[in-house]
Structure formats: structure tokens, C-alpha cells
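# Tertiary structure, described
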Amino acid sequence: MTLGSYNLLRAAVDMDQRLSSDGKFLGRFNVMGTKKGNFQQNVGHEQFVLNPSFKYNASENTNVIFEYILS
């Protein structure tokens, strides 16, 4: 979590997990939100990002990653 001037508030969560017992299928989930003001009136910024991803390790030299970013 980050706090700053002009009412800046930023929070992020990053989680990862093995989804198979052999460790070949992995999952990761990122969420981030930002809200901040500005020294000018009626100017601000809000953002929300959702980013799930999955990784499959086919072999030692080959992997496939599926990722989605919603902003």
C-alpha cells in the first residue's frame, strides 16, 4: 500500500499458487487500485487493474503463458 500527497492511495495484491501437484501448471493473480487528487480543482485519477495469468511448463525449455489484463 502506498500513501502520498494530493490524497494518493495505491493498493496492490499479488498472489501465486501451484495448481497441479507436479508443479507444471501455475496460477497468478494481481489486483491494483489507484486513486489520487491533484493540486488543480476537479482533476484526479482513478485506476483499477485486474490481471490473472496461468503458466504451463511443458518441458524444461518450453512454457506457455495465458494472461489477461483488465484496466
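To keep things clear, this report deals only with the structure shown in the data block. (Residues numbered from 1 in each chain as written. Predicted model: local features only at pLDDT ≥ 70, side-chain atom pairs only at ≥ 80, totals over all residues. Heavy atoms only, no water.)

You will see that Y6, though not glycine, has its phi angle at about 55°, which is positive. For Y6, the location among the structural elements is in the loop between β1 (2-4) and β2 (8-18). The backbone phi angle of N7 is positive, close to 60°, even though this residue is not glycine. Residue position: N7 is located in the loop between β1 and β2. With relative accessibility at 69%, the residue N7 sits in the exposed group. (Helix = DSSP H or I, 4+ residues; strand = E, 2+ residues; numbered from the N terminus. Buried < 20%, exposed > 50% of the residue type's maximum accessible area, 1.4 Å probe, protein only.)

With that settled, consider a nonpolar patch on the surface. Together, L19, F25, F54, Y56, V64 and F66 make up a nonpolar patch on the protein surface, roughly 550 Å² of accessible area in all. Among the structural elements, F66 can be located in strand β5 (residues 63-67). A relative accessible area of 54% means that F66 is categorised as exposed. (Patch = residues over 30% accessible without salt bridge, like charges linked within 9 Å, V, L, I, M, F, W, Y side chains within 5 Å. Areas by Shrake-Rupley, 256 points an atom, 1.4 Å probe, with all protein chains shown as cover. Salt bridge = Lys/Arg side-chain N within 4 Å of Asp/Glu carboxyl O.)

Let us now look at the sheet that holds strand β4 (residues 45-57). One open sheet holds the five strands; their spatial order is β1-β2-β3-β4-β5, and the pairing between them is antiparallel. On the outer flanks of this sheet lie β1 and β5, each paired with one strand and no other. Averaged over all pairs of adjacent strands, the angle between strand axes in this sheet comes to 10°, irrespective of strand direction. Note: β4 against β5, five bridges, orientation antiparallel. Each residue of the ladder has a partner; that of F54, found in β5, is F66. (Pairing = 2+ DSSP bridges. Axes fitted to C-alpha atoms, helices over the stretch in contact; angles between N-to-C directions.)

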